[in-house]
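Each chain, written out:
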Amino acid sequence: RRYGLWFRLRKLIIWLLGVYIAIPFLVKLCPAIQAKLVFLNFVRVPYFIDLKRPQDQGLNHTCNYYLQPEEDVTIGVWHTVPAALWKNARGKDQLWFEDALGSSHPVILYLHGNAGTRGGDHRVELYKVLSSLGYHVVTFDYRGWGDSIGSPSERGMTYDALHVFDWIKARSGDNSVYIWGHSLGTGVATNLVRRLCERETPPDALILESPFTNIREEARSHPFSIYRYFPGFDWFFLDPITTSGIKFANDENVKYISCSLLILHAEDDPVVPFHLGKKLYNIAATSRSFRDYKVQFVPFHTDLGYRHKYIYRSPELPRILR
C-alpha cells in the first residue's frame, strides 16, 4: 500500500514538473498568451454587475455613455459629477452631464489598471473620494474590457484614452483637466500625456498611482512570477511581451512630458514593487522636460496597509491633491 501511494505521488510530481517546464515553451510559441496575462481583460470582477447602471454601485450622480474612438470599437464611459452637483444630477440625461463638464469644476480622467472593469470596488471608492473633493471624474473601459467592444492592445488603449481626453476638452472649456493612471493604467497615462505634450496640448497635471518603469521590469519584479529564476526567463517570458507590441515604457515617456507630475506609491505594494515607483520618480526628477514643472513623490508607509489599490483611503489625499 505504501509503495502504491509513493508511486502515485511520484507520478503526480513528474506530471507537475512536466507542466512547469512545458509552460515557458508554450508561452514562447504563443506570445498572445503572455499578452493576455498582461492585460487580464478576461477577468471581469466584480461579477454580475450591470455597467449600464452605475447607481447600483452607489454612484447616484453618474451617467453611463458609449463613445466610438474608431470603426468597430465602442467603449463604455462613466462620468461622475462633483458631489456639489449631486441633487441637480438626479434624473438628468447624457446631454445634461456633458454640459456639466463646462461648470467651474476641474476634471480627472481616470485610467484603470488591468483586470476588472470601471465598476471595480476600489475604483468606485476612488471616484467617490474625488467627487467629494469637487472633481468631475471620467473613466472608461478600454476596448476589450467590460462591455467595451474591440481587441486589447497598447496602441488601442492609448488611442481610446486620447479620444476620451479630446471628448472632455471639447466640453470642459477652460477647466483644468488632470490625467490619473493606476498600475497598468500608468503606462496608458504616460503614453497619452507624451503624445499630448508632443502636439502641444498637455494636461494640467499627471498623477501616477503605483507606477512601474516599463513592462519588462515590472514582469521581472512581479512577486507572483514563479518563473523569474527559470533559465532563460527573459527569452521565454519577456521577449514575447515585446513581440506582442507591449512596452508601456513609463521611464522613456517621462523624458518627453512637460506638465506637473505627482507619483503615489505604497511601500507594501505586493503587485508593483515600491522601488520601481521610486526609480521612475528619480528618472523624471532629473529629466530636462520637467525643469519648469513640479515633480513630487509621495510614499505611504507599510503600516498604513494601503498595498496596491487602497491609497484612496488616505486621509491625507485631499491635502496632497490640493
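This structure is a prediction, so every number in the text was calculated from the model and none was measured.

Visitor: Mind laying out a nonpolar patch on the surface, listing which residues take part and the relevant values?
Guide: Together, Trp6, Leu9, Leu12, Ile13, Trp15, Leu16 and Val19 line one region of the surface with nonpolar side chains, adding up to about 700 Å² of accessible area. By the element assignment, Leu16 lies in helix α1 (residues 2–29). Overall, the relative accessible area of 45% leaves Leu16 in the partly exposed class.

Visitor: Which residues make up the nonpolar core, and what are the values?
Guide: Core analysis: the biggest nonpolar cluster contains 61 residues, and Phe39, Leu109, Leu111, Phe140, Ile179, Leu206 and Phe248 have the highest contact counts within it. Mapped onto the domain boundaries, this core takes at least three residues apiece from domain 1 (1–39 + 218–246) and domain 2 (45–217 + 247–321). When sequence neighbours within four positions are dropped, the list of residues in contact with Phe248 reads Phe39, Glu154, Met157, Leu184, Gly187, Val188, Asn191, Phe212, Thr213, Asn214 and Ile215. Ranked by size, the runner-up nonpolar core spans 26 residues in total, among them Tyr110, Val129, Leu130 and Val137.

Visitor: Got a sec to walk through the sheet that holds strand β5 (residues 177–182)? Specific residues and values, please.
Guide: Pairing is mixed across the open sheet formed by eight strands, whose spatial order is β1-β2-β4-β3-β5-β6-β7-β8. Only two strands of the sheet have a single neighbouring strand rather than two, namely β1 (62–70) and β8 (295–300). Here the strands of the sheet are splayed against their neighbours by 20° on average, with no regard to which way each runs. Here six bridges tie strand β7 (residues 260–266) to β8, and the two strands are oriented parallel to one another. If you follow His265 over to β8, its bridge partner there is Pro299.

Visitor: Explain the packing of aromatic side chains to me, using residue names and the numbers behind them.
Guide: If you walk through the whole model with that rule in mind, you get twelve aromatic pairs. With centroids separated by 5.6 Å and ring planes inclined at 75°, the aromatic side chains of Phe39 and Trp145 adopt a geometry described as edge-to-face. Highlighted residues: Phe39 in helix α2 (residues 31–39) and Trp145 in the loop between β4 (136–140) and α6 (154–172), separated in sequence by 106 residues. With centroids separated by 5.6 Å and ring planes inclined at 65°, the aromatic side chains of Phe274 and Phe297 adopt a geometry described as edge-to-face. Of this pair, Phe274 sits in helix α11 (residues 274–285) while Phe297 sits in strand β8, and the two are 23 residues apart along the sequence. Here Phe297 falls in the buried class, since its relative accessible area comes to 12%. A connected cluster of aromatic rings, assembled from ring pairs, spans Phe39, Phe140, Tyr142 and Trp145.

Visitor: I'd love a proper account of the environment of Gly116, names of residues and values included.
Guide: Locating Gly116 in the fold gives a position in the loop between β3 (107–111) and α5 (121–132). Judged by its relative accessible area of 2%, Gly116 falls in the buried class. Along the backbone, Gly116 and Val45 are 71 residues apart, and their C-alpha atoms lie at a distance of 4.6 Å. Non-local contacts of Gly116, meaning those with residues more than four positions away in its chain, are made with Leu40, Val43, Arg44, Val45, Arg123 and Trp145.

Visitor: Give a detailed account of the pairing of β7, specifying residues and quantitative values.
Guide: With six of seven residues buried, β7 lies mostly within the body of the structure. In this sheet, β7 lies alongside strand β6 (residues 205–209) in parallel orientation, the contact comprising five bridges. Each bridged residue has a counterpart across the sheet, and for Leu206 the counterpart in β7 is Leu261. Where the polypeptide runs from β7 across α11 and back to β8, its parallel neighbour, the crossover connection is right-handed.

Visitor: Please provide a residue-by-residue account of α11, values included.
Guide: Over its twelve residues, α11 extends 17 Å from the first C-alpha to the last, a length consistent with the 16 Å expected when each residue adds 1.5 Å. The secondary structure elements touched by the buried residues of α11 are β6, α8 (215–221), α10 (250–253), β7 and β8.

Visitor: Quick rundown of unusual backbone geometry? Include the residues and the values.
Guide: Pro46 follows Val45 through a cis peptide bond whose omega is -5°. Relative to the elements of secondary structure, Pro46 occurs in the loop between α2 and β1. Backbone geometry places Phe48, a non-glycine residue, at a positive phi of 60°. Within the secondary structure layout, Phe48 lies in the loop between α2 and β1. Within the chain, Phe248 stands out as a residue other than glycine whose phi angle is a positive 40°. As for its placement among the helices and strands, Phe248 is situated in the loop between α9 (233–243) and α10. Taking the relative accessible area as the measure of exposure, Phe248 reaches 0% and is therefore buried.

Parameters and conventions
Residue positions are given per chain, counted from 1 along the sequence in the order it is written. Totals for whole chains, interfaces and linings use all residues, but because this is a predicted model, local features are given only for residues with pLDDT of at least 70 and pairs of side-chain atoms are given and counted only at 80 or more. To get the side-chain values, all heavy atoms of the structure are used, and hydrogens and water are removed first. Surface patches are drawn from residues lacking salt bridges whose relative accessible area is over 30%; two like charges belong together within 9 Å, two nonpolar side chains (Val, Leu, Ile, Met, Phe, Trp, Tyr) within 5 Å. Shrake-Rupley sampling with a 1.4 Å probe provides the accessible areas, and residues are treated as covered by the protein chains on show and by no other component. In the sections that follow, a salt bridge refers to a side-chain nitrogen of Lys or Arg positioned within 4 Å of a carboxyl oxygen of Asp or Glu. Secondary structure counts use DSSP, requiring at least four H or I residues in a row for a helix and at least two E residues in a row for a strand, with both numbered from the N terminus. Note on classification: 1.4 Å probe, protein chains only; a residue is buried when its accessible area is under 20% of the maximum for its type, exposed when over 50%, partly exposed between these limits. Among buried residues, those of type Ala, Val, Leu, Ile, Met, Phe, Trp, Tyr and Cys that are joined through side-chain atoms within 4.5 Å constitute a nonpolar core. Domain start and end points were adopted from an automatic or database domain assignment. Here, residues are in contact when the closest pair of their heavy atoms is within 4.5 Å. DSSP-based pairing: two strands are paired if at least 2 bridges between them are found. Lines fitted to the C-alpha atoms define the axes, with helices restricted to the stretch that makes contact. Angles between their N-to-C directions range from 0 to 180 degrees. The aromatic pairing rule takes the rings of Phe, Tyr and Trp, using the six-membered ring of Trp, and pairs them if the centres are within 6.5 Å, calling planes under 30 degrees apart stacked, those over 60 edge-to-face and the rest tilted. With the strands pointing away from the viewer, any crossover whose connection runs clockwise from the first strand over the helix to the second is right-handed. One fewer than the residue count of a helix, multiplied by 1.5 Å, yields its expected span.

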